Every structure is written in C-alpha cells, then in structure tokens.
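Secondary and tertiary structure notes
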Amino acid sequence: MSILNVDLHCHSVVSDGTLTPEELAARAAANGVELWALTDHDEIGGQHRAAAAARAQGMKYLTGTEISVTFAGETVHIVGLGFDPDDEGMRRGLEQTRGGRGARALEIAAGLAAVGIPGAYEGALKYVGNPALISRTHFARYLVEAGTCKDTAEVFRRFLTEGKPGYVPHRWATLKDAVRWIREAGGLAVIAHPARYKFTANEEYALFMEFKTHGGSAVEVVTGSHTAAEYVKYADTAREFGLAASRGSDFHSPGESHTDLGQLPYLPGELTPVWELLADRIQ
Ligand code: AMP
Ligand code: MN
Ligand code: MN
Ligand code: MN
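First things first, this report covers the structure right here in the doc.

The rules we used
Residues numbered from 1 in each chain as written. Chains lettered and ligands numbered in written order. Predicted model: local features only at pLDDT ≥ 70, side-chain atom pairs only at ≥ 80, totals over all residues. Heavy atoms only, no water. Core = buried A, V, L, I, M, F, W, Y, C linked by side-chain atoms within 4.5 Å. Buried < 20%, exposed > 50% of the residue type's maximum accessible area, 1.4 Å probe, protein only. Donors = N, O, S within 2.8 Å, 3.2 Å for Na, K, Ca; no water. Helix = DSSP H or I, 4+ residues; strand = E, 2+ residues; numbered from the N terminus. Expected span 1.5 Å × (residues − 1). Arc of directions from axis to C-beta. Contact = heavy atoms within 4.5 Å. Near = heavy atom within 4 Å. Polar contact = N/O pair within 3.5 Å; in protein donor to acceptor, adjacent residues only side chain to side chain. Areas by Shrake-Rupley, 256 points an atom, 1.4 Å probe, with all protein chains shown as cover. Nonpolar A, V, L, I, M, F, W, Y, C, P; charged D, E, K, R; others polar. Pairing = 2+ DSSP bridges. Axes fitted to C-alpha atoms, helices over the stretch in contact; angles between N-to-C directions. Salt bridge = Lys/Arg side-chain N within 4 Å of Asp/Glu carboxyl O.

Looking now at the nonpolar core. Counting residues in each nonpolar core, the largest one holds 51 residues, and the members touching the most others are Leu-8, Val-69, Ile-78, Val-221 and Val-274. Membership of the second largest hydrophobic core comes to 18 residues, among which are Ile-108, Ile-117, Ala-124 and Phe-139.

Our focus in this paragraph is the coordination of the manganese ion (ligand 4). Summarising the metal site, the manganese ion (ligand 4) is bound by the protein donors His-9 (NE2), His-11 (NE2), Glu-66 (OE) and Asp-250 (OD), whose distances to it range over 2.1 to 2.2 Å. Between consecutive donors of the manganese ion (ligand 4), the numbers of intervening residues give the motif H-x1-H-x54-E-x183-D.

This part is about helix H10 (residues 228–241). With 14 residues, H10 ought to run about 20 Å at 1.5 Å a step, and its terminal C-alpha atoms sit 20 Å apart, in line with that. Within H10, burial applies to Tyr-231, Tyr-234, Ala-235, Thr-237, Ala-238 and Phe-241. Viewed end-on, H10 has its buried residues packed into an arc of 160 degrees, placing them on one side of the element. Pointing more than 90 degrees away from the buried face of H10 are the exposed residues Ala-229, Val-232 and Glu-240. In this structure, the buried side of H10 is in contact with helix H9 (201–213), strand E7 (218–223) and strand E8 (244–248). Backbone geometry just after H10 places Gly-242 at a positive phi near 65 degrees.

Neighbouring ligand 1 are Asp-16, His-41, His-77, Arg-101, Arg-104, Ser-135, Arg-136, Thr-137, Ala-153, Phe-156 and His-252. Here an oxygen atom of ligand 1 sits 3.0 Å away from a polar atom, N or O, in the side chain of Asp-16. Here an oxygen atom of ligand 1 and a side-chain polar atom of His-41 are 2.8 Å apart. Starting from 500 Å² of accessible surface for ligand 1 in isolation, the protein chains cover 77%. Of all the secondary-structure elements, those providing two or more residues to the shell around ligand 1 are helix H4 (101–113), helix H6 (136–145) and helix H7 (152–160). Split by residue class, the shell around ligand 1 holds 2 nonpolar, 5 polar and 4 charged.

Our next topic: the coordination of the manganese ion (ligand 2). Around the manganese ion (ligand 2), the protein contributes the donor atoms Asp-16 (OD), His-41 (NE2) and His-252 (NE2), which lie 2.2 Å from the metal centre. Motif for the manganese ion (ligand 2), donor spacing along one chain: D-x24-H-x210-H. Between the manganese ion (ligand 2) and the manganese ion (ligand 3) there is a metal-metal distance of 5.7 Å. One end of the pair, Asp-16, is in the loop between strand E1 (6–7) and helix H1 (21–30); the other, His-41, is in the loop between strand E2 (35–36) and helix H2 (47–56), and 25 residues separate them in sequence. No difference in accessibility class separates Asp-16 from His-41, as the two residues are buried.

This next bit is on the environment of Tyr-197. Summarising the element assignment, Tyr-197 is placed in the loop between strand E6 (188–191) and H9. Residues Tyr-197 and Glu-74, spaced 123 residues apart in sequence, show a C-alpha to C-alpha distance of 7.3 Å. Those residues within four positions of Tyr-197 in sequence are excluded, and the remaining contacts are Glu-74, Thr-75, Val-76, His-77, Ile-191, Ala-192 and Leu-207.

Looking now at the sheet that holds strand E4 (residues 64–71). Spatially, the 5 strands line up as an open sheet ordered E4-E5-E6-E7-E8, and their pairing is mixed. Pairing within the sheet leaves two strands with one partner each, and these edge strands are E4 and E8. Along the sheet, successive strands turn relative to each other by an average axial angle of 40 degrees, direction set aside. Both E7 and E8 contribute to a ladder of 5 bridges, which runs parallel. Its bridge partner being in E8, Glu-220 is matched across the sheet by Ser-246. Contacts between H9 and the sheet are confined to E4, strand E5 (74–81), E6 and E7, with E6 contributing the most and set at about 175 degrees to the helix.

Overall, the coordinates contain 16 salt bridges when judged by the stated rule. Between Glu-154 and Arg-158 there is a salt bridge; the shortest N-O distance is 2.6 Å. Linking Glu-154 with Arg-158, this pair stays in helix H7, spanning 4 residues, or about one helical turn. By relative accessible area, which is 12% here, Glu-154 ends up buried. In the salt-bridge network here, residues are joined through shared partners; they are Glu-88, Arg-91, Arg-92 and Glu-95.

Burial analysis of H6 places 7 of its 10 residues in the buried class, which makes it a mostly covered element. Considered for burial, the residues of H6 that qualify are Thr-137, His-138, Phe-139, Ala-140, Arg-141, Tyr-142 and Leu-143. Following H6 by one or two positions, Gly-147 adopts a phi angle in the positive range, close to 85 degrees.

The following block contains the structure:
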C-alpha cells in the first residue's frame, strides 16, 4: 500500500473549477496532500502557477491535464501527467481540442432556449474563468443561479446529458492523438474514472486494449468518481492489463464536489503507483 497522500486530479478556474491554482494548492496542503497535480480540462495554462504554488506550500508537483477524447461514441477523459508544460505539440493538440467549445456552447444555449430557458449562453459566460474553455459545468452553475434546478447534478440529469434539451453531441480528440501528445511531451497517460463511462464490457475491453496499444500507462483506481466496489474492480483491471494505478479527487469546487482534495482511501496494495514511474518528473 502506498501511504503517500497523492492527489493527481483536480480543476481550477483555468477550466471548470471555481478556485485559482493558488487557492487549490493551499487547500490541498491544508488537507495533507504531499504530491499534487492540477489537471484542467484540455488546458495547461495553469501549470506554471500551480507548480510555483505547490512549491510555496511545501508540496511536490507533477504537471497535469485531462484531455477530452471521443471513443466508441462516448466522451472519455485521459489524464496526462509529468509532461513538459512548454511542449509545442501538446500545446497545439490541446488548442485544437478546445476549438469547438464556443460553437458547441451556442448550440447548448439554443437547445435550452427552445425549452423556455433564455439567456443561458450569457449566463454561463459569467462563470467562465477562461474564455477558451466554456464547459457544461458553467451552464449548470448558471441554471442553479437562475433557480431552474436546485444543484448542478440536477441540471446535468435534466438538461445536459444525452437525450436532454441542452445536450450537443461533440467530437473531441482521438484516443491515439491524446496519448501521443502526452507521451511525446515526456509524460504518461492515465484513463480517468473508468466507471463513469456507459460502455458495454466489450467496449470497455476495447478501450483498455487500444489504450495499451497506443502506449498508455495507467488507470485511475481510487477517484472521487468511484465507489469502494469500483476501486476493487479497477484494481483488478489494472493488474489484468499491466497498467499502473492513479489516485485523484477530481475536486472542482467546495460547494459542489463530494470528495475534497487528498481525502480518499490509499491505493490498494500490489499496484504500481503511476507516480513511481514518474519519479524523475516530480518537481
Ligand atoms: P464538458 O467538458 O463541457 O462536456 O463538461 C464536462 C464536465 O461536466 C465534467 O468534467 C464534470 O465536471 C461535469 N459533469 C459531467 N457530468 C456531471 C454530472 N452528472 N453532475 C455534475 N457534473 C458533471
Ligand atoms: Mn469538470
Ligand atoms: Mn473527467
Ligand atoms: Mn476531472
């Protein structure tokens, strides 16, 4: 069992979190985190700030991001860790991945307007910290403010998921490209929160097989998105596919996230922690 308090998954205002990189670093340190990574969606604009803030708080740091990928018609998230934050190929790849978000947001707003919720684009923009990264999360925050729903979970359930009026199908990066960008920048790729995807057993097997083929290294086993039974299931999957394991809260916001920074069980034994493979990338 690895007893280092490691949190390698969370979000700042650079994507869809509500805290700055500095506020997150302070909160992580206060919660006892010893090794931290900020993993904003499709963005590495907060990496230098996060590394400096980690240093100021006495924590070790690994660079991070969470790339949106389309696989078998579903959105899958691939976390990248320990890459060079100034790598040009990574920067271009993420810029391309972010590219469709503006037009998608206008379509989301049109879908909401059609069911009697006007002004959602302008409303969501009030919550956006980075104009290049408007996310469904920002719409969810606005619909709570507008009194349409009691919390963001209800907004996703009623309006922002497949088949609902504010859902817009979108094509993100390919699995192959996302893993390649991370590897070519010197980092390792991790399948984020695998239990969240609505895959059949065959599709999930294909995801893990293709991820391995492309050079993927690890899977999140202990995450704020998994139940205790899912820790056990994906520990088995990690062993079956010869993958290392990661641990991360996926913290977004004090008011919204159930799992706070660093407040998770340790990785189950007999797994290789992904950070051990990244020892030379730790700052
Ligand atoms: P996007 O990248 O714009 O599609 O937004 C995806 C983000 O929405 C995720 O990273 C989560 O932060 C958030 N999200 C997705 N599903 C839910 C849900 N059911 N409840 C709350 N937040 C969610
Ligand atoms: Mn998010
Ligand atoms: Mn995710
Ligand atoms: Mn996340």
